[in-house]
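Given next are the chains, with one letter for each unit.
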Amino acid sequence: MKKIVFALAAVLAAGVSVPAMAQDKIKACFVYIGPKTDGGWTQAHDVGRQMVDKELGEKVETQFVENVPEGPDAERVIERFARSGCAIVFTTSFGYMDQTLAVAQKFPDVKFEHATGYKTAPNLTTYNSRFYEGRYIIGQIAAKVSKTGVAGYIASFPIPEVVQGINAFTLGAQTVNPDFKLKVVWVNTWHDAGKEADAAKALIDQGVDILTQHTDSAAPMQIAEERGIKAFGQAFDQIQAGPKAQMTAIIDTWGPYYVKRIKMVLDGTWKGGESSWDGLKDGILTMAPYTNMPDDVKKAAEETEAQIKSGELKPFTGPITKQDGTEWLKAGETADDKTLLGLNFYVKGVDDKLPQ
Amino acid sequence: MGIAESILLTIATAATPLLIAALGELVVERSGVLNLGVEGMMVMGAVCGFVAAALTGSPWLGVLAAIVVGALFSLLFGFLTLSVATNQVATGLSLTLLGLGLSGMIGEGFVGQAGQKLPSLYIPGLSDLPLVGRLVFGQDPIFYMSIALTVGIMWFLFRTRAGLTLRSIGDNHASAHALGIPVIAYRYLAVMFGGACAGLAGAHLSLVYTPQWVENMTAGRGWIALALVVFASWRPLRVLAGAYLFGAVTIGQIHVQALGYGIPSQLLSSLPYLATIVVLVLISRNRRLTMMNTPASLGRAFVPDR
């Protein structure tokens, strides 16, 4: 028995001595909602983390925990990171918002960054990507390419980020075809390939010939390929799953942001309480090559992308009517970020009732 | 292909993995062993099926690999609970955790690769019949296996001597042992059969349902299968009914959503669970019959006293 205790103590001592050796490095820690190889949302974050490893590997050590469910479990994981000496913790899902805030208040010396949320603190900054800019472009493409005039949208949870996407897609499509219809299916999960495939099949059976999704697996793309319709990739380039189906993909490109923010931690310029919301022009999201579409559609898409990048075009610019028929934005008026970050209503033309 | 036929096909695809995994677990539980590791064995079957198919180029070898891996993986549970008599609940749960982690490691290099789909049956003429052609003569091979398994297990459990022996072990392992029945050997075989079925169900996910590998792609289907067995009060036909009901309501609610009637999607998403539980509880409301079907030794460790 004594021997075992001895051996245990030795192991523990060895375990403790490792971080001591690496003391000159700071730790950047990431909390992931899904597996790091989900081919979508989480993988996009992990690619960003790997970029940190590559560019700042001398000074920064990265750590991550995968498959952390939103809710109380998340708080435990975030707190463990905070206790274990992480200099900065990135929590990469909307549903970690309250947990991140709670831990941030408990650990004022640790820096926190929460993706896609809206609650900040002196040591908690939020960061987000204007995914909806990409959605506007794919909406336009959809309306140009669709023969049935109906697209299907596989949605996860009715949070502002997803609602922005559905609205932007609709607005983009309406610039081409004012009567364009959008069918929305909520699968109430971020990551269930089977369910996403079921939703894709059901939508196709109901006559949509374009699919887009705000869930994390490539299953809908695969079904689109199989059934011979077109689709858009989400978060990650999904051309492998749909070589004939993918027209483009909205690719999340977090790497440059992570590198920038961790550099700020290193040189002491990092500030909390901020909300950063970058878009196409900052490169936080990029469009995959436009494929499987006629040349004129491709050209139009590239033009729209250029206009959004230059700031000439803002997707949420009036006149825009809400789904209930009331006016949201007057002609020429642009939605402010605060409204967008709390967006909880549809624009006119969405064939669905928003779950509240 | 008409819309009704297409919907029915989608339902069959959604129900098949649940049915196969639940049938396997039914045999395990009928022998008196509760294996909560279905999810873990299923996800191991999914990843090994996918990887084997990708490496050999043959989805059939993928199916075979999934079955073998599922059975071997369940042996780990079998050894611990049967030979060392550990707690079945804890061991089963750890098997699920291990399977989820291990499958992630095995499949790491295969994420995002376009998978191979197991070809569906095609009989010229028959498969093209209107309405029923694709349903009866044009589905994937694992669908036919699931139907054969249902019939086979019914026959085995209730029409053969070995099935009677298996059920008697599940009801009272001490008496069975006293009668000279090799309790542990029977249970080993049952556990391995359950593992093989879970593996096959996993292969259906990664080679038919969504031919790709993503971590955690079972997404709780192993747990649904486990619940089905209990709610179906350990009867194969009821498991079949439960799996198809669950599949039908799952697909039905998606169609209702897509039609845009404005019914809250959270309610619709919970319908498959509610409907399946209510219906199966109603079917099994005869308490005496249910007691008769419940394996009395379920979950209790057995240590032969001599």
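Summarised in this report is the structure supplied together with it. The model shown is predicted, which means the values in this text are computed figures rather than measured ones.

### Description of the overall build of chain A
Stage number 1. Counting its regular elements, chain A contains eleven helices and 15 strands.
Stage number 2. What you see for chain A is a C-alpha radius of gyration of 22 Å, in line with the 21 Å of a compact globule of 356 residues.
Stage number 3. Counting only C-alpha atoms and orienting by the principal axes, one finds that chain A spans roughly 75 × 40 × 35 Å.
Stage number 4. Looking at chain A as a whole, 58% of its 356 residues are labelled buried.
Stage number 5. As displayed, chain A offers around 14500 Å² of accessible surface, 55% of which is attributable to carbon and sulfur atoms.
Stage number 6. Computing the positive centroid from 39 side-chain charges and the negative centroid from 45, chain A places the two 3 Å apart.

### Let's talk about the sheet that holds strand β3 (residues 88-91) of chain A
Residue and element names in this part refer to chain A.
Stage number 1. Spatially, six strands are ordered β2-β1-β3-β4-β5-β11 in an open sheet, and the strand pairing comes out parallel. The open sheet has two free edges, formed respectively by β2 (60-65) and β11 (275-278), since each of these has just one partner strand. The sheet shows a mean angle of 20° between the axes of neighbouring strands, direction not considered.
Stage number 2. Sheet topology places strand β1 (residues 26-31) next to β3; four bridges connect them, and they run parallel. By the bridge assignment for β3, F30 is matched with F90.
Stage number 3. Against the sheet, helix α4 (residues 97-106) engages β3, β4 (111-115) and β5 (124-129), with an angle of about 170° to β4.

### Re the nonpolar core
Stage number 1. Membership of the largest hydrophobic core comes to 93 residues, with the highest contact counts inside it found for F112, I141, I166, F316 and W328 of chain A.
Stage number 2. Top contributing element to this core by residue count: helix α5 (residues 131-145) of chain A, with nine residues.
Stage number 3. Looking at which domains feed residues into this core, each of domain 1 (20-129 + 254-278) and domain 2 (131-244 + 286-351) of chain A supplies at least three.
Stage number 4. If we skip the residues at most four places from it in the chain, W328 of chain A touches F316, I320, T321, K322, E333, A335, T339, L340, L343, F345 and V347 of chain A.
Stage number 5. Counting 91 residues, the second-largest nonpolar core is a separate cluster that includes V187 and A202 of chain A together with F110 and A190 of chain B.

### Things to note about the environment of V239 of chain B
All names here are of chain B.
Stage number 1. By secondary structure assignment, the location of V239 is in helix α11 (residues 236-259).
Stage number 2. A relative accessible area of 0% places V239 in the buried class.
Stage number 3. Residues V239 and L26 lie 213 residues apart in sequence; the distance between their C-alpha atoms is 8.6 Å.
Stage number 4. Discounting chain neighbours no more than four positions away, the residues touching V239 are L19, A22, L23, L26, L228, V229 and A232.

### Remarks on the state of the cysteines
All names here are of chain B.
Stage number 1. On inspection of all chains with the given rule, the structure shows one disulfide over all chains.
Stage number 2. Free of any disulfide, C48 has its nearest cysteine sulfur in C197, 17 Å distant.
Stage number 3. The exposure class of C197 is buried, given its relative accessible area of 3%.

### As for the sheet that holds strand β8 (residues 210-213) of chain A
Residue and element names in this part refer to chain A.
Stage number 1. With mixed pairing, the seven strands of this open sheet are ordered in space as β12-β10-β9-β8-β6-β7-β15. Each end of this open sheet is capped by a strand with a single partner; those strands are β12 (285-287) and β15 (350-351).
Stage number 2. Of the strand pairs in this sheet, strand β6 (residues 150-155) and strand β7 (residues 181-186) are connected by six bridges, and their pairing is parallel. The residue bridging A155 from the neighbouring strand is W186, located in β7.

### Focus on the interface of chain A and chain B
Stage number 1. On the side of chain B, 35 residues touch chain A, which itself brings 39 residues to the contact.
Stage number 2. Contact between chain A and chain B buries roughly 3000 Å² in total, counting both sides, with carbon and sulfur atoms accounting for 47%.
Stage number 3. There are three salt bridges connecting chain A and chain B.
Stage number 4. Counting across the chain A and chain B interface gives 13 residue pairs in polar contact (both at pLDDT 80 or more).

### Some words on the pattern of salt bridges
Residue and element names in this part refer to chain A.
Stage number 1. In this structure the tally under the stated criterion is 18 salt bridges over all chains.
Stage number 2. Across the pair D98 and K119 runs a salt bridge whose closest N-O atoms are separated by 2.7 Å. Taken together, the residues D98 in helix α4 and K119 in the loop between β4 and β5 connect sequence positions 21 residues apart.
Stage number 3. When the shortest N-O distance is used, the salt bridge between E305 and K309 registers 3.2 Å. Highlighted residues: E305 and K309, both in helix α10 (residues 295-310), separated by four residues, approximately one helical turn.

### Observations regarding the pairing of strand β10 (residues 246-252) of chain A
Looking along a regular strand, one sees side chains alternate from face to face of the sheet.
Residue and element names in this part refer to chain A.
Stage number 1. Burial runs high along β10: seven of the seven residues are buried.
Stage number 2. Two strands pair when backbone bridges link them, and strand β9 (residues 230-235) and β10 are joined in this way by five bridges, in the parallel orientation. When the sheet's bridge partners are listed, G233 is paired in β10 with A249.
Stage number 3. Relative to β12, β10 runs antiparallel, the two sharing three bridges. Its bridge partner lying in β12, D252 is registered against L285.

Cut-offs applied
Residues numbered from 1 in each chain as written. Chains lettered and ligands numbered in written order. Predicted model: local features only at pLDDT ≥ 70, side-chain atom pairs only at ≥ 80, totals over all residues. Heavy atoms only, no water. Helix = DSSP H or I, 4+ residues; strand = E, 2+ residues; numbered from the N terminus. Rg over C-alpha atoms; globule rule 2.2 N^0.38 Å. Buried < 20%, exposed > 50% of the residue type's maximum accessible area, 1.4 Å probe, protein only. Areas by Shrake-Rupley, 256 points an atom, 1.4 Å probe, with all protein chains shown as cover. Lys, Arg positive; Asp, Glu negative; His and termini not counted. Charge placed at Lys NZ, Arg CZ, Asp CG, Glu CD. Pairing = 2+ DSSP bridges. Axes fitted to C-alpha atoms, helices over the stretch in contact; angles between N-to-C directions. Contact = heavy atoms within 4.5 Å. Core = buried A, V, L, I, M, F, W, Y, C linked by side-chain atoms within 4.5 Å. Domains from an automatic or database assignment. Disulfide = S-S within 2.5 Å. Buried area = accessible area lost by both parts, 1.4 Å probe. Salt bridge = Lys/Arg side-chain N within 4 Å of Asp/Glu carboxyl O. Polar contact = N/O pair within 3.5 Å; in protein donor to acceptor, adjacent residues only side chain to side chain.

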